[in-house]
Amino acid sequence: MATLGDIGFPINANGNGRPDLPLSCHSNTLLLAAATNETIAVPAGAKFVQISSSAEAWVKIDGVFSAVPATDIVTGAAGLVLRAGATYNFNLAHVTGNLNFIATATPLISVAFF
């Protein structure tokens, strides 16, 4: 099963990570319909993805959501929760398929591949 890894930014002289993502990217905006899975393909050659959401949503690799998670899911297929207003950076080193999104509301999701 493919997994999303942390980007692991380079460390500067002060010991802080620097987000040195390239300026050119393949960016997308998705307006999710409530409780409906939406799929976006990972472009060939993409190494990283930056995701943000205007409301709580979930993302997972390949497996399609049949419903918004509302109970315990302990099979490893739950996906990752995206908190409203937060930005997430993931390494796509072993991802070749799709990213799938679902939410209870209708958030605007920003997905930028680098």
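How each quantity is defined
- Residues numbered from 1 in each chain as written.
- Predicted model: local features only at pLDDT ≥ 70, side-chain atom pairs only at ≥ 80, totals over all residues.
- Heavy atoms only, no water.
- Helix = DSSP H or I, 4+ residues; strand = E, 2+ residues; numbered from the N terminus.
- Buried < 20%, exposed > 50% of the residue type's maximum accessible area, 1.4 Å probe, protein only.
- Contact = heavy atoms within 4.5 Å.
- Salt bridge = Lys/Arg side-chain N within 4 Å of Asp/Glu carboxyl O.
- Core = buried A, V, L, I, M, F, W, Y, C linked by side-chain atoms within 4.5 Å.
- Pairing = 2+ DSSP bridges.

Caption draft 1: Representation of the overall build of the chain within the structure. Looking only at helices and strands, one finds zero helices and nine strands in the chain. Each helix and strand of the chain, ordered N terminal to C terminal, gives the series β-β-β-β-β-β-β-β-β. Taken across its 114 residues, the chain has 32% of its residues classed as buried. If you take every contact in the chain between residues at least 6 apart in sequence, the share linking residues at least 24 apart comes to 82%.

Caption draft 2: Molecular detail of the pattern of salt bridges. The tally for this structure, following the rule as stated, stands at one salt bridge. Two residues, Glu56 and Arg83, come together in a salt bridge whose shortest N-O distance is 2.1 Å. Residue Glu56 is located in the loop between strand E4 (48-53) and strand E5 (57-61), and its partner Arg83 is located in the loop between strand E6 (80-82) and strand E7 (87-91); the two are separated by 27 residues in the primary sequence. According to the relative accessible area criterion, Glu56 is partly exposed, its value standing at 32%.

Caption draft 3: Just the nonpolar core, in detail. Val49, Ile51, Leu99, Phe101, Ile109, Val111 and Phe113 are the most contacted members of the largest nonpolar core, which has 20 residues in total. Within the residue set of this core, elements represented by two or more residues are E4, E5, strand E8 (98-102) and strand E9 (108-113).

Caption draft 4: Just the pairing of E4, in detail. Where burial is concerned, the two faces of E4 differ: the one with Val49, Ile51 and Ser53 is buried and the one with Phe48, Gln50 and Ser52 is not. Judged from the five bridges that link them, E4 and E7 form a sheet pairing that is antiparallel. Residue pairing in the sheet places Ile51 in a bridge with Tyr88 of E7. In the sheet, E4 pairs with E9 via five bridges, with the strands oriented antiparallel. The residue of E9 that forms the bridge with Ile51 is Val111.

Caption draft 5: How the structure looks around the environment of Val49. Looking at the element boundaries, Val49 is found in strand E4. The exposure class of Val49 is buried, given its relative accessible area of 0%. Through-space distance from the C-alpha of Val49 to that of Cys25 is 9.3 Å; in sequence the pair is 24 residues apart. In this structure Val49 touches Tyr88, Asn89, Phe90, Leu92, Leu99, Val111, Ala112 and Phe113, once residues within four positions along its chain are discounted.

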